[in-house]
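Residue strings, one per chain:
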Amino acid sequence: MDKYIFDEDNGLWYELIGDYYLPCLTVPAEEEQAVGVWGQRHKRYLKEYRPALYNALLLSGKLNGYLADIDQQAQEMEETLIQKTAERHGISESLKATDQMAWIGLMNNCKAQVEEIIFSDLIYV
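Residues numbered from 1 in each chain as written. Predicted model: local features only at pLDDT ≥ 70, side-chain atom pairs only at ≥ 80, totals over all residues. Heavy atoms only, no water.

K.L.:
Just checking my understanding: could you explain helix H3 (residues 63–88) for this structure?
P.N.:
Structural remark: α-helix, 3.6 residues per turn; residues separated by three or four positions point the same way. For H3, with 26 residues, the first-to-last C-alpha span of 37 Å sits near the 38 Å given by 1.5 Å per residue. Buried within H3 we find Leu63, Asn64, Leu67, Ala68, Ile70, Asp71, Ala74, Glu78, Ile82, Thr85 and Ala86. Where H3 is buried, its residues contact helix H1 (37–49), helix H2 (51–60) and helix H5 (100–123). Gly90 sits one or two positions beyond H3 and adopts a positive phi of about 75°. (Helix = DSSP H or I, 4+ residues; strand = E, 2+ residues; numbered from the N terminus. Expected span 1.5 Å × (residues − 1). Buried < 20%, exposed > 50% of the residue type's maximum accessible area, 1.4 Å probe, protein only. Contact = heavy atoms within 4.5 Å.)

Given below as structure tokens:
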């Protein structure tokens, strides 16, 4: 028996392993991109609640790029919304200079609000 055979009907190569011919399948090479915390959170969500989409992206070789894109969108959204939320609540540099603890508390509150928005709009979708 041949070690490898080619099936012209489906265009796949098969390898003899034991008594069975198994298809020689490989995942397409994916470009390595840095995925930050937001991308990792979305990945965890996809794995747990949307496994079909996760597997489709993984097998097509597009998962890493997709997660890097989500991460970049979330970071940009976070920067913009924190700045706008701070302005809306009247948090300024003068408050930071006069009462640092109050400024820290208000900024943490703004950050928590922005994180909830990002979770609902980007991560848990």
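K.L.:
Teacher, can you tell me more about the side chain of Thr85 here?
P.N.:
Looking at the secondary structure, you find Thr85 in helix H3. Not counting residues within four places of it along the chain, the set of residues in contact with Thr85 comprises Cys110, Gln113 and Val114.

K.L.:
Hey, could you run me through the nonpolar core in this one?
P.N.:
One recurring pattern in soluble globular proteins is that nonpolar side chains are buried together. One finds Trp38, Ala74, Ile91, Met107, Ile118, Leu122 and Ile123 to be the most contacted residues of the largest nonpolar core, which totals 14 residues. Looking at this core, the elements that each hand over two or more residues are H3 and H5. In terms of residues, this core owes the most to one element, H5, which gives 8 residues. In contact with Ile91, not counting residues within four places along its chain, are Ala86, Trp103, Leu106, Met107 and Cys110. Within the second largest apolar cluster, 8 residues are counted, among which are Val35, Leu46, Tyr54 and Leu57. (Core = buried A, V, L, I, M, F, W, Y, C linked by side-chain atoms within 4.5 Å.)

K.L.:
Would you mind showing me how to read the pairing of strand S1 (residues 4–7) here?
P.N.:
With 4 bridges joining them, S1 and strand S2 (residues 12–17) adopt antiparallel strand pairing. Following the sheet pairing, Tyr4 is matched in S2 by Glu15. Turn length for the S1-S2 hairpin, with the two strands adjacent in sequence and antiparallel, is 4 residues, and the turn residue Gly11 shows positive phi of about 75°. (Pairing = 2+ DSSP bridges.)

K.L.:
Which parts of the structure should I look at to understand the packing of H1 against H2?
P.N.:
Two quantities define a packed helix pair, namely the angle between the helix axes and the distance between the axes. It is the contact of H1 with H2, at a shortest axis distance of 5 Å, that shows an interaxial angle of 115°. Here H1 contributes Lys43, Leu46, Lys47, Glu48 and Tyr49 to the contact with H2, which in turn contributes Pro51, Leu53, Tyr54 and Leu57. Split by residue class, the contact of H1 with H2 holds 6 nonpolar, no polar and 3 charged. (Axes fitted to C-alpha atoms, helices over the stretch in contact; angles between N-to-C directions. Nonpolar A, V, L, I, M, F, W, Y, C, P; charged D, E, K, R; others polar.)

K.L.:
What is the right way to read the packing of aromatic side chains from this model?
P.N.:
Geometry of an aromatic ring pair is reported as the spacing of the ring centres plus the angle between the planes. Tallied over the full model, the rule gives 5 aromatic pairs. Between Phe6 and Trp13, the aromatic rings sit 5.1 Å apart at their centres with planes inclined by 50°, giving tilted as the arrangement. Judged by relative accessible area, Phe6 falls into the partly exposed class, the value being 40%. Assessed through its relative accessible area of 46%, Trp13 is described here as partly exposed. With a centroid separation of 5.2 Å and 10° between ring planes, the pair formed by Phe119 and Tyr124 is classed as stacked. Classification of Tyr124 as partly exposed rests on a relative accessible area of 48%. Put simply, the rings of Trp38, Tyr45, Tyr49, Phe119 and Tyr124 touch in pairs and so form one group of aromatic residues. Directly above the ring of Trp38 sits Arg41, whose terminal nitrogen or CZ lies 4.8 Å from the centroid. When the ring centre of Trp103 is taken as origin, the NZ or CZ atom of Lys96, which lies over that ring, is 4.7 Å away. (Phe/Tyr/Trp six-rings, centres within 6.5 Å; stacked < 30°, edge-to-face > 60°. Lys NZ or Arg CZ within 6 Å of the ring centre and 35° of its normal.)

Remember, this is a structural readout, not a statement about activity or role.
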